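What the coordinates show
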Amino acid sequence: RGEAWLLDLPTLIATPSSAAHLQAALGALFASPRLLKVGFGLAADLRVVRSAHGSLRCCCAPSAVSPSVDLVNEWRKLRGAGAVSSLSALCATVLGAPLDKRCCLSNWGRRPLAAQQLEYAALDALVLPTAHEELERRRIRAGGAPAGAGLAAH
């Protein structure tokens with residue numbers, strides 16, 4: 001809790017050996033039944049990784065990431081199909097402040113990444129568990145059963 005690990009995938013898969021090690025590590029992490037993986041548009045993010053980094057196709061298939069929760073789906077269940085579907089809007093509503101998305105369209109291919117990009121990426125990841133917990137509280141208050149019962153969300 002309170003930590004984000006940013007992985008520079010192009011650097012980490014620069015050699016076949018390093019790509020194999022990363023694939024094994026991510027595969028184990030993504031398949032761990034003890035860790036709930038929380039994302040916002042998770043399937044789309046995994047699709048981007050698989051498309052851009054072919055060596056990670058197997059471990060980044062949606063079926064390989066389990067258990068997982070996509071907050072886009074949770075948000076829509078709570079707010080209805082017409083709800084604004086952005087992480088910033090979700091944060092504004094459930095956490096009280098929107099995310100600053102100015103770095104979203106910056107050049108993520110240039111290295112080194114700027115400090116603002118690193119901060120943006122870390123914050124994007126850090127808000128997910130807290131937003132998930134708040135959505136769970138709201139679901140339970142509304143009479144729903146908690147999702148992912150028995151899982152440790154890390």
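Refer to the structure presented above.
The paragraphs below set out a description of the structure included in this document. Note that the structure is predicted; figures quoted are calculated from it, not measured.

1. Focus: the pattern of salt bridges
For the structure on display, the rule yields nine salt bridges. Put simply, arginine 137 and glutamate 134 hold a salt bridge, and the shortest N to O gap is 3.1 Å. Of this pair, arginine 137 and glutamate 134 both sit in helix H6 (residues 115-141), separated by three residues, roughly a single helical turn. The class for glutamate 134 is buried, based on a relative accessible area of 13%. Arginine 141 is the salt-bridge partner of glutamate 134, the closest N and O atoms lying 3.8 Å from each other.

2. Focus on the packing of helix H4 (residues 71-79) against helix H5 (residues 87-94)
In the contact formed by H4 and H5, the axes pass within 11 Å of each other and the chain directions differ by 55 degrees. With respect to H5, the axis of H4 lies oblique. Considering how the two elements wind past one another, H4 and H5 form a crossing that is left-handed. Facing H4, whose interface residues are Leu71, Trp75 and Arg79, H5 presents Ala89, Leu90, Thr93 and Val94.

3. Comments concerning H5
Of the positions making up H5, those classed as buried are Leu87, Ser88, Leu90, Cys91 and Val94. Burial along H5 is one-sided: seen end-on, the buried residues are contained in an arc of 160 degrees. Buried-residue contacts for H5 involve H4 and H6. Taken from the residues just after H5, glycine 96 is the one with a positive phi, measuring 90 degrees.

4. A few points about the state of the cysteines
Taken as a whole, this structure holds zero disulfides when the rule is applied. Looking at cysteine 91, it has no disulfide partner, and the nearest cysteine sulfur is the one in cysteine 104, 13 Å off. Under the relative-accessibility criterion, cysteine 91 is labelled buried at 1%. As a non-bridged cysteine, cysteine 103 has cysteine 104 as the owner of its nearest cysteine sulfur, 9.0 Å distant. For cysteine 103, a relative accessible area of 17% corresponds to the buried category.

5. Details of unusual backbone geometry
Cis geometry is adopted by the peptide bond preceding proline 67, which originates at serine 66 and carries an omega value of -5 degrees. Following arginine 111, the chain continues into proline 112 via a peptide bond in cis, with omega recorded as -5 degrees. Here proline 112 is to be found in the loop between H5 and H6.

6. What about the nonpolar core?
In this structure, Phe40, Leu71, Leu87, Leu90, Val94, Leu128 and Leu135 are the most contacted members of the largest nonpolar core, which totals 16 residues. Contributing elements (two or more residues each) for this core: H4, H5 and H6. Ranked by size, the runner-up nonpolar core spans 13 residues in total, among them Leu22, Leu26, Phe30 and Val65.

Cut-offs and rules
- Residues numbered from 1 in each chain as written.
- Predicted model: local features only at pLDDT ≥ 70, side-chain atom pairs only at ≥ 80, totals over all residues.
- Heavy atoms only, no water.
- Salt bridge = Lys/Arg side-chain N within 4 Å of Asp/Glu carboxyl O.
- Helix = DSSP H or I, 4+ residues; strand = E, 2+ residues; numbered from the N terminus.
- Buried < 20%, exposed > 50% of the residue type's maximum accessible area, 1.4 Å probe, protein only.
- Axes fitted to C-alpha atoms, helices over the stretch in contact; angles between N-to-C directions.
- Parallel < 35°, antiparallel > 145°, perpendicular 65-115°, else oblique.
- Left-handed = near helix turned anticlockwise from the far one by under 90°.
- Contact = heavy atoms within 4.5 Å.
- Arc of directions from axis to C-beta.
- Disulfide = S-S within 2.5 Å.
- Core = buried A, V, L, I, M, F, W, Y, C linked by side-chain atoms within 4.5 Å.

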